[in-house]
Each structure stands twice: as C-alpha cells, then as structure tokens.
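Inside the fold
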Amino acid sequence: MSVTVIQDLRWGDTGKGKISEYLSRPDVCDVSVRAVGGGNAGHVIVVGTRKLALHILPAGCVHEGVDLVLGRGMVTHLPTLFDDAAKANDLFGTDPLSHLLIAEENHILFNGHKAADAALEERKGAGAVGTTKSGIGPAYADKALRVGMRMEELRKPVAALKDVYAKLLLHWAATYGVALTDEEQVGDIAALAEGKEKLEGRICNLTEYWKGTFARRERVVVEGAQGSLLSIDNSGYPYVTSSSTTVNGHMQGAGIPPKELTTVIGTLKAYDTRVGNGPMRMNMDPETAARIQKRGGEFGSTTGRGRTVNWLDAEDAAIRALEESVDSLAVLKADVFDGEEEIRVGVGMDNGTPQYEHFYGWEESIAGLDNEEALPTRANVFFKRLEELLGRKIDFYGTGPESKSIIDRRAKHAH
Ligand code: IMP
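Residues numbered from 1 in each chain as written. Predicted model: local features only at pLDDT ≥ 70, side-chain atom pairs only at ≥ 80, totals over all residues. Heavy atoms only, no water.

So, the packing of helix H4 (residues 136-145) against helix H5 (residues 158-176)
Packing of H4 against H5 brings their axes to within 13 Å, and their N-to-C directions diverge by 105 degrees. When the axis of H4 is compared with that of H5, the two are roughly perpendicular. On the side of H4, the interface is formed by Pro138, Ala141, Asp142 and Leu145, while H5 contributes Leu168, His171, Trp172 and Tyr176. The residue makeup of the contact of H4 with H5, split by class, is 6 nonpolar, 1 polar and 1 charged. (Axes fitted to C-alpha atoms, helices over the stretch in contact; angles between N-to-C directions. Helix = DSSP H or I, 4+ residues; strand = E, 2+ residues; numbered from the N terminus. Parallel < 35°, antiparallel > 145°, perpendicular 65-115°, else oblique. Contact = heavy atoms within 4.5 Å. Nonpolar A, V, L, I, M, F, W, Y, C, P; charged D, E, K, R; others polar.)

Structure representation (structure tokens):
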C-alpha cells in the first residue's frame, strides 16, 4: 500500500495535471484523489491531440480502473464537476461518475458564492486578491460560519434542499450584500437536483472507504491543488487561497490518517509564475518574460489571465521542499527554455536585490525527450545544479505538455 501526495511547491500551475496523470495510470495507481480547493484549479492533461483542463476531478479520471475520490476539504461546484466528467467522457471515453466517491463532508459551492467572491473583490479595490472568482473564499467562509451545505444533504428530498437554499439566499444577502438573479438561483436549484440524481450512491463515509482501501493494500495518489505558497497560512497572506494547500492540508482534506503517507513529490517549473496579485522576489527582463510566457502557454487555465513570469527562486523552493517533507522533485517545462541563450536561477537576496546563478542555454531542443541520455550537456548541468540548490533529487524532468514527454529517473535513483 502507498499514499503519494503530489505537492506544488510554488503558486500553482507547475504542471500537476501532467505529473498526476502519469502517476495515476491504472498499472501504478488504484485511487486518484482531489482533497482541497474547488474549480479554481485547472489541471491540464494532454494526450496526443486530446487536451483536457480539469477543474474538480483528479487526473485519474482519464483512465478506467482507477477509483476517483473528492475529499472532505473541497468546495465543489456541481455543474463544474459534471462538466469535467462530460469532457473526460468525450475525450477519453471514460465514465468518471461511475467510479467516483465524494466525502459526505465535501461542501457544495453555489452561484451565490461566485457572486459573493466577485462582490468582495470589487469592494477591496486596489487591495483585491485577484481571485479566480470561482467562489472559493465565500464557500470556505460559509463552511467556517457553519452555514454551508454539505454533500451528505443531497440525500434529502428536493423540497428540503430548496428550504436550505432559501436560507442561504438570505445569508448571502445579509453577509455579502449580494442578491442573485433568477437565472443564478434556477441554476443552483437545478444543480442540486442533478447532483441528487447523478451522485446517488456516490456520497460516502471516507473513513470506511479508506479502511477497505488500506486492507486491500491499494496505491493512492493525492493530487495537490494550487501550491504551498498559496496556502491560507502562508506568509503571503492575504494573497493566498482559502484552503490549506500543503501536504498536511491535502492529507486532512483527503481524510487519510497522517501516518499512512509514504511519498511526497514536489513539483516546480524551471522558472516561476504567478497569477493573481501578490509579490515575487525574483525578476526577469520583460522581453524574456514575454517569450517564456508565450512559449510556455502561461495563461491561467481557469481565467485565461496572463501569468507573471520570473526566474525560479531556488532559495525559496528549497525551503518549501523542506517544509513539505519532499522526497523527490518533478521539474517541469524545462523545454520552454529551448532556444534561450542564457538561463538564470535565483539563489537569494542581497540588500533587497535578487542574486542569480547564470547558465548557458542548450542549443539542441529537449522538447518531447523521454530519455535522459539524449539530454544535451548544458541541460544536464542545469538540472544537476538545481538538485544541489534544492537539496532534493529530481525524479522527473518534464519536457513538454504531452503526457509522454517526461524523463522518469526513478530507476536510476533506486540503484
Ligand atoms: P482563489 O483561490 O480563487 O480565491 O484565488 C486566490 C489566489 O490564488 C489568486 O491569486 C488566484 O490567482 C490564485 N489561485 C487559485 N487557484 C489557483 C490555481 O489553481 N493556480 C494558480 N493560481 C491559483
């Protein structure tokens, strides 16, 4: 039996979709889990010409033979969940809802939360967080206020759900000052009815479920959401999300007993990006940043916003690797540096000025490589130094968006 957490060590968007898909294939994984957050995430999976951006479902949904779990730490917008499932079905021919389990305690996120998110952001003006406007903050606020609706309530008759919903409307008006349009309300009620129908028998007691899973010695992969630096308790507050997006948060959100954790894989890119407001320590000249943004497709998969691109802050990433008990790293999107003459890595600050190490770029393209021996020497020098700076071995190099563009070095490290 094993429990692996895939933990983004930065501000999200480091390629968790890709690595999660790779580690959630049925030959190596029995259960694929999302534990916290909601539709703010956008995990992209590319197989050949098929491209899927998942917001709620974990990556295992593109495979048959893998159980899917949505944990108790999540806030789930039902239409987004059904949309993910329909898209996975269209593109990969899987039927995710037929092997999905949702924790009874998982909270339902409504249009009311989205409206409240937008209203709160507007009221904050220049101090806005730059949220994805997916309703995340208000949904977790309602959870903390103990007025939220949990998945277990879907077992009630529709009439009873409508009564609870009517009370929520009053609460949203009084607390966030939002009044929903008829269309938004009809959408929420329809989602509840659809949820009742489609999720019948899928809402479960996770403790019972994990007991069975562990008895069968199954392999569990928890796909982290967002990243360590966006966690609610991170020093970057208030420019963070509203859940604990750390390994501890993911374990709690998954409802897995802490001592069952076996492996933490920390993900980062060869450079840093951030979307939404809030500072970054490193810089990059605007021309290079624009090139990297374009080549790397650094636009939010939930909002389409351009992500700010800077050189990797390796000093900070090393601290996150330590904090998150990372066993090994996945460094993704190094191929985006193809064609760059010079690459930099941030190694610290001196009197407020970022300090960098400089590397020669590689002349040959590494895009799509799956074999380490084919890597140019300069790419090897770059990766080797990253291992030193980050204090962890790198088990995976990502060489492109495609699911097969990965260099898996685990066998090498096993010897
Ligand atoms: P929220 O989670 O929508 O409330 O947004 C809070 C902050 O987290 C904003 O800066 C968002 O841009 C950022 N954020 C939330 N989810 C993601 C994600 O999956 N990737 C990158 N940034 C995210």
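A look at the packing of aromatic side chains
Per the counting criterion, the structure on display carries 13 aromatic pairs. Here Trp311 and Phe337 contribute two aromatic rings whose centre-to-centre distance is 5.9 Å and whose plane-to-plane angle is 40 degrees, an arrangement assigned as tilted. A residue pair is termed long-range when its members are at least 10 positions apart, and Trp311 in strand E12 (residues 308-313) and Phe337 in the loop between strand E13 (328-332) and strand E14 (342-350) qualify at 26 residues. For Phe337, a relative accessible area of 0% corresponds to the buried category. Ring centres 6.1 Å apart and planes at 85 degrees place the aromatic pair Phe337 and Phe382 in the edge-to-face group. Highlighted residues: Phe337 in the loop between E13 and E14 and Phe382 in helix H11 (residues 377-390), separated in sequence by 45 residues. Looking at Phe382, the relative accessible area reads 0%, which means it is buried. Each member of the aromatic cluster is reached from another via a ring pair, and the members are Tyr271, Trp311, Phe337, Phe359, Trp362, Phe382, Phe383 and Tyr397. Here Lys198 stacks its cationic end above the ring of Phe82, 4.8 Å away from the centre of that ring. Sitting over the face of the ring of Tyr356, Arg344 holds its NZ or CZ atom 5.4 Å from the ring centroid. (Phe/Tyr/Trp six-rings, centres within 6.5 Å; stacked < 30°, edge-to-face > 60°. Buried < 20%, exposed > 50% of the residue type's maximum accessible area, 1.4 Å probe, protein only. Lys NZ or Arg CZ within 6 Å of the ring centre and 35° of its normal.)

Treat this as a map of the structure, not an account of what it does.
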